[in-house]
Amino acid sequence: MPEWLQAGAWGLLAGSALLIGAVAGYFTRIPRKIIASIMAFGAGVLLSAVSFELIAEAHEQGGLLPTAIGAAVGALTYTGANVLLARRGARHRKRSSDVQPSEQEQPGSGSAIAVGALLDGIPESVVIGASLLTGGPVSLVTVIAVFLSNVPEGLSSAAGMRLAGRTKQYVFLLWTAIALISGAAALAGYTLLGGAPPEVLATITALAAGAILAMITDTMVPEAFDDAHLLVGLITVLGFLVAFALSHT
């Protein structure tokens, strides 16, 4: 299989976890403390992947300056876009409770949530595609980390969409489209960055890492600790250690 097609397939696989989570979140009534625990585990997994895969790889490729600049720009870009979307009703897009606004309460919030979901997923997918550019196999740790974190994201968000009165058609078309776009973003990460110098690859990788880190703290952590119980911190560390172990096997 050509590498560009592999990149798209890996991105699609990671993105499909959003749809899996959405199905579980929409059709089942999972206790909110369980959802908080799952989200905490996913946040820990992504934190580990950002630390030991993305930032470490960017530093190895390009050094400290491109890594720091890329991460800062990624965080600023994500935060700026997230602020704009929050004003249009997408602030609580990953929350499983009834804080998501309905379309009647805030017209256009459905579209804002859809764009916000894309904003959350694209940096992860681009990194998956770009990981093939080193000449080796795809970074399985990154794919697994994104997959594991996408399940609770889809689960929590779909549960909140159901409570906000959004239809099954809206929810599943949204997450199906995002899964497909995830595959396209991974393909783009491979094709558009091919031949780029190491410093540019390092900056792009760090940019995605900065955006993902901002996303974790802006959208995943609030849900994880919305119904915090005494084991949530431990579960976050467990997710972190699972991804760390995967990156060192």
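Residues numbered from 1 in each chain as written. Predicted model: local features only at pLDDT ≥ 70, side-chain atom pairs only at ≥ 80, totals over all residues. Heavy atoms only, no water.

Attention now moves to the UniProt feature "transmembrane region" (unreviewed entry) in the protein chain. Residues given the UniProt feature "transmembrane region" (unreviewed entry) here are residues 6-27, 34-52, 64-85, 126-149, 169-193, 200-216 and 228-246. Between the end C-alpha atoms of residues 34-52 there is a gap of 27 Å, over a span that is 100% helix and 0% strand. In residues 169-193, the share of helix is 100% and the share of strand is 0%. The end C-alpha atoms are 35 Å apart. (UniProt positions renumbered as here; feature names shortened; annotations may be inferred. Helix = DSSP H or I, 4+ residues; strand = E, 2+ residues; numbered from the N terminus.)

At a minimum axis distance of 7 Å, the contact between helix α4 (residues 109-130) and helix α6 (residues 168-193) shows a crossing angle of 35°. In the crossing of α4 with α6, the sense of the turn from one axis to the other is right-handed. Touching Gly110, Ser111, Ile113, Ala114, Ala117, Leu118, Ile122, Ser125, Val126, Gly129 and Ala130 of α4 are Tyr170, Leu174, Trp175, Ile178, Ile181, Ser182, Ala185, Ala186, Gly189, Tyr190 and Leu193, all from α6. (Axes fitted to C-alpha atoms, helices over the stretch in contact; angles between N-to-C directions. Left-handed = near helix turned anticlockwise from the far one by under 90°. Contact = heavy atoms within 4.5 Å.)

For the rest of this paragraph, the subject is the nonpolar core. With 19 residues, the main nonpolar core has Leu46, Leu54, Ile212, Met215, Ile216 and Met220 as its most contacted residues. For this core, the secondary-structure elements that each account for two or more residues are α2 (32-62), α7 (198-224) and α8 (232-247). Sequence-distant contacts of leucine 54, defined by excluding residues within four places in its chain, comprise Ala49, Val127, Thr142, Thr205, Ala209 and Ile212. (Core = buried A, V, L, I, M, F, W, Y, C linked by side-chain atoms within 4.5 Å. Buried < 20%, exposed > 50% of the residue type's maximum accessible area, 1.4 Å probe, protein only.)

A cluster of nonpolar residues, Leu140, Ile144, Leu148, Leu238, Val242 and Leu246, forms a patch on the protein surface that exposes about 430 Å² of accessible area. Where the nonpolar patch is concerned, the elements lending two or more residues are α5 (140-163) and α8. Note that leucine 140 resides in helix α5. (Patch = residues over 30% accessible without salt bridge, like charges linked within 9 Å, V, L, I, M, F, W, Y side chains within 5 Å. Areas by Shrake-Rupley, 256 points an atom, 1.4 Å probe, with all protein chains shown as cover. Salt bridge = Lys/Arg side-chain N within 4 Å of Asp/Glu carboxyl O.)

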